[in-house]
Amino acid sequence: MKKIYDSAETALEGLLEDGMLIAAGGFGLCGIPELLIDALVESGVKDITIASNNCGVDGFGLGKLLDTKQIKKMMSSYVGENAEFMRQYLSGELELEFNPQGTLAERMRAGGCGIPGFYTKTGVGTVIAEGKDHKDFNGETYIMEEGIFADLSIVKAWKADETGNLIFRKTARNFNPPAAMCGKVCVVEVEEIVPTGSLDPDHIHLPGIYVHRIIQGEHEKRIEQRTVRTA
């Protein structure tokens, strides 16, 4: 099965449709699949729901899809870095489903493992719990969260071999493994593709069984907020 594609556009060919649910890796601007995001912008796909920790920043990352009004709904943990996000949400143009960060990661992981739902204490007694099933275990109340089963996953890794085994680099791993797991189809962009068998099995972070398509490309690695001290 061919997994390596020439570009982000060809890797997404035949996978996109209006109204789909996409899981995207990344945390802030760290480990985001920027080439695949650009390809989504160019595709014109619309009314999409994106499950991702945040929505990039103004004009970069997932923020580009806000600028083109292609996102209908975000399932996120943090949205404070994006003025356009705030404007669209407050004006009623954008739907938002807030998730505690650990809950969002576990919802993705659960979907990737075929688990339809799980109970957690996080969010009990808050607006997060409204409308959700409550159950007591050993005298403690928990709420049920549903696993995320995305139509498509887009993620960023450091290295891949030709069969799709992935290695992530340091904190850029973040949401990428669970996001990759929960998609019916997973497309990955990497900095380097190496021959099959050249990766130490003990160093592989995500096995190739979860990965369907791979592209290699250059990445900007932008710093979200640069802070320096005065002399």
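Above this text sits the structure in question.
Computed from a predicted model, the values in this text were never measured in an experiment.

Glancing now at the overall build of the chain. Helix and strand counts for the chain come out as six helices and eleven strands. Its C-alpha atoms give the chain a radius of gyration of 18 Å, within 12% of the compact-globule value 17 Å for 231 residues. Dimensions of the chain, computed from the C-alpha atoms along their principal axes, are close to 50 × 50 × 40 Å. Expressed as a percentage of the 231 residues in the chain, the buried residues total 48%. For the chain, the exposed area adds up to about 11,600 Å²; of that, 50% sits on carbon and sulfur atoms. For the chain, the centre of its 24 positive side-chain charges and the centre of its 34 negative side-chain charges are spaced 3 Å apart.

Another point: helix H2 (residues 34–43). Every buried residue of H2 is accounted for by Glu34, Leu36, Ile37, Ala39, Leu40 and Val41. Among the structural elements, helix H1 (8–11), strand E1 (21–24), helix H3 (63–67), strand E8 (150–161), strand E10 (183–194) and strand E11 (213–216) are those in contact with the buried residues of H2. Directly beyond the C-terminal end of H2, a positive phi value near 80° is found at Gly44.

Once that is clear, we can look at the environment of Thr171. In this structure, Thr171 sits in the loop between strand E9 (166–167) and helix H6 (176–181). Note on Thr171: relative accessible area 61%, which makes it exposed. C-alpha separation for the pair Thr171 and Val228, spaced 57 residues apart in sequence, amounts to 21 Å.

The residue Lys69 is not glycine, and still its phi comes out positive at about 60°. Position of Lys69 relative to the elements: it lies in the loop between H3 and strand E3 (71–76). Phi at Lys170 is positive, roughly 50°, even though this residue is not glycine.

Hydrogen bonds between backbone groups are what pair the strands of a sheet, and the pairing can be parallel or antiparallel. Within the open sheet, the three strands sit side by side as E5-E7-E6. Their pairing is antiparallel. Of all strands in the sheet, those bounded by a partner on one side alone are strand E5 (117–120) and strand E6 (134–137). When strand polarity is set aside, the average angle formed by the axes of neighbouring strands in this sheet is 40°. Pairing between E6 and strand E7 (residues 140–146): four bridges, direction antiparallel. Directly across from His134, in E7, lies its bridge partner Ile143.

A word on the packing of aromatic side chains. Inspection of every chain in the model, using the stated rule, returns two aromatic pairs. Ring plane angle 65° and centroid distance 5.3 Å describe the contact between Tyr119 and Phe137, whose orientation is recorded as edge-to-face. With a gap of 18 residues between them, Tyr119 in strand E5 and Phe137 in strand E6 connect regions that are remote in the sequence. Since its relative accessible area comes to 30%, Tyr119 is described here as partly exposed.

This part takes up the pairing of E10. Bridging between E8 and E10 involves ten bridges; their strand directions are parallel. Pairing of Val155 across the sheet is with Val188, part of E10. Sheet analysis places E10 next to E11, joined by four bridges and oriented parallel. The residue bridging Glu189 from the neighbouring strand is Ile215, located in E11.

Let us look at a nonpolar patch on the surface. Together, Met86, Tyr89 and Leu90 give the surface a local cluster of nonpolar side chains, amounting to about 360 Å² of exposed area. Within the secondary structure layout, Tyr89 lies in helix H4 (residues 83–90). Exposure remark for Tyr89: the relative accessible area of 41% places this residue in the partly exposed category.

Attention now moves to the nonpolar core. Among the nonpolar cores identified, the biggest contains 30 residues, and Ile50, Leu65, Ile71 and Ile154 are the most heavily contacted of them. Examining the composition of this core, we find that five residues originate from one element, H2, more than from any other. If sequence neighbours within four positions are ignored, Ile154 has contacts with Leu12, Ile22, Ala23, Ala24, Gly25, Pro33, Leu36, Ile37, Leu40 and Val187.

Our next topic: the side chain of Ser76. Note that Ser76 resides in strand E3. With a relative accessible area of 0%, Ser76 lands in the buried category. Ignoring any residue separated from it by four or fewer positions in sequence, one finds Ser76 in contact with Ser52, Asn53, Asn54, Glu97, Phe98, Asn99 and Leu104.

Cut-offs applied
- Residues numbered from 1 in each chain as written.
- Predicted model: local features only at pLDDT ≥ 70, side-chain atom pairs only at ≥ 80, totals over all residues.
- Heavy atoms only, no water.
- Helix = DSSP H or I, 4+ residues; strand = E, 2+ residues; numbered from the N terminus.
- Rg over C-alpha atoms; globule rule 2.2 N^0.38 Å.
- Buried < 20%, exposed > 50% of the residue type's maximum accessible area, 1.4 Å probe, protein only.
- Areas by Shrake-Rupley, 256 points an atom, 1.4 Å probe, with all protein chains shown as cover.
- Lys, Arg positive; Asp, Glu negative; His and termini not counted.
- Charge placed at Lys NZ, Arg CZ, Asp CG, Glu CD.
- Contact = heavy atoms within 4.5 Å.
- Pairing = 2+ DSSP bridges.
- Axes fitted to C-alpha atoms, helices over the stretch in contact; angles between N-to-C directions.
- Phe/Tyr/Trp six-rings, centres within 6.5 Å; stacked < 30°, edge-to-face > 60°.
- Patch = residues over 30% accessible without salt bridge, like charges linked within 9 Å, V, L, I, M, F, W, Y side chains within 5 Å.
- Salt bridge = Lys/Arg side-chain N within 4 Å of Asp/Glu carboxyl O.
- Core = buried A, V, L, I, M, F, W, Y, C linked by side-chain atoms within 4.5 Å.

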